[in-house]
Amino acid sequence: MDSSSLKGLLEEHAQLEEQLADPSVHADQARARKLGRRYAELSPVVKTVRELDTAREDLETAKELAAEDSSFAAEAEEISAKIPALEAKLTELLLPRDPYDGSDVVMEIKSGEGGEESALFAGDLLRMYLRYAERHGWKAEVLDSVDSDLGGFKDVTVSIKSRSADVDGVWARLKFEGGVHRVQRVPATESQGRIHTSASGVLIYPEPEDVEVEIDPNDLRIDVYRSSGPGGQSVNTTDSAVRITHLPTGVVVSCQNEKSQIQNRARALQVLQARLQAIAEEEAAAKASDARRSQVRTVDRSERVRTYNFAENRIADHRVNYKAYNLDQVLDGDLDGVLNALITADREERLAAHAG
């Protein structure tokens, strides 16, 4: 990045600091959160720029002193050795960011091949993500679900939200979870003790704060029905559940967990917004160059991303050749090991692309 662009970022950071100090800004929570997230994004850049400027100034001073007194030569070398690391850190901080890294997410988990066993595994995945959200202090809410006969899920939709305006939000941590998750274990339905392989699909997309995709009301078919609990048991005596069909794309979104039809309708529209945004970006990526496509995260479920082997207590992520033997802990929400491996691989790929 050239010096004028860097200067622009420093000025933007100073302006944001001034705005966030204004009490009136915090009357609009959405605006305050947006400004706070951008401020948090720029703060490490500003800190590193200042450290780099200080190091360069100190180096010049040490060199001048070393010309008169050789005892300062060692200090000059020590300062000089720090500068390349700071420059590398600044380069990494200035890499183009995923614009949704601070976003909350909507996740869908769908049973696939394997019938009831797949539905049970979908339930295991749901619990895993709910436990992970709990560990991070996020708010997770099941928006809609279709139960299976044995207590699993044929389909479940969950919203996961951060309680803070961190620069790296839920999407930054979970965006690589989309794809086919394969399980190898002895199913509860298997009487012979044989290991079976089945799979569940995960779709995940950022929930945009600002409307990006225009939705024509004439493109929507809205149906209302009675909310139901496990086994089809009615849990509501009024038609409060809402199903919205987006006719041009065929996308269907349901929500039944809010208390009123109005709340369910509003929530379903938010989920529809997020899904259509993801579809639009996926289509844009497909039309772009290979380099661009590799940086855009899609919700393609055809890709097998991970295997959960119960017999060996092993989890393997096939995209980054990650393997660990702590599956029981992972299913209890300890996902940071595999997620950190994916995030590191993505950062290295972006650095390599920048260097190239």
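You'll find the structure just up there.
Residues numbered from 1 in each chain as written. Predicted model: local features only at pLDDT ≥ 70, side-chain atom pairs only at ≥ 80, totals over all residues. Heavy atoms only, no water.

The subject of this paragraph is the sheet that holds strand β6 (residues 220–225). Reading across from one edge, β6-β7-β8 is the order of the three strands in this open sheet, with antiparallel pairing throughout. Edge positions in the open sheet fall to β6 and β8 (251–255), since each of these has one partner strand only. Neighbouring strand axes in the sheet, compared pairwise and without regard to direction, differ in orientation by 15° on average. (Pairing = 2+ DSSP bridges. Helix = DSSP H or I, 4+ residues; strand = E, 2+ residues; numbered from the N terminus. Axes fitted to C-alpha atoms, helices over the stretch in contact; angles between N-to-C directions.)

Once that is clear, we can look at the packing of aromatic side chains. Evaluation of the coordinates by the stated rule reveals two aromatic pairs. Measuring from centroid to centroid gives 5.2 Å for Phe121 and Tyr308, while their planes differ by 65°, and the two rings are edge-to-face. In this pair, Phe121 sits in helix α4 (residues 115–135) while Tyr308 sits in strand β9 (residues 304–309), placing the two residues 187 residues apart along the sequence. Just as Phe121 is buried, Tyr308 falls in that class too. Note on Tyr132 and Trp138: the rings are 5.7 Å apart at their centroids and 75° apart in plane angle, and the pair reads as edge-to-face. Overall, Tyr132 belongs to the buried group, its relative accessible area being 1%. By relative accessible area, Trp138 is classed as buried at 11%. Across the ring face of Phe310, the terminal group of Arg185 is positioned such that the distance to the ring centre comes to 4.7 Å. Lying over the aromatic face of Tyr225, Arg243 brings its terminal NZ or CZ to 4.4 Å of the ring centre. (Phe/Tyr/Trp six-rings, centres within 6.5 Å; stacked < 30°, edge-to-face > 60°. Buried < 20%, exposed > 50% of the residue type's maximum accessible area, 1.4 Å probe, protein only. Lys NZ or Arg CZ within 6 Å of the ring centre and 35° of its normal.)

Our next topic: helix α9 (residues 336–355). One turn of an α-helix holds 3.6 residues; hence residues three or four places apart share an orientation. Helix length check: α9, at 20 residues, gives a terminal C-alpha distance of 28 Å against a target of 28 Å (1.5 Å per residue), a fit within 8%. Among the residues of α9, those classed as buried are Val338, Leu339, Leu342 and Asp346. Within α9, the buried residues cover an arc of 105° as seen down the axis, which keeps them to one side. Structural note: α9 exposes Glu348, Ala352, His354 and Ala355 on the side pointing more than 90 degrees away from its buried face. Looking at the buried residues of α9, the elements they touch are α4, α5 (170–174), β9, β10 (314–317) and β11 (322–324). (Expected span 1.5 Å × (residues − 1). Arc of directions from axis to C-beta. Contact = heavy atoms within 4.5 Å.)

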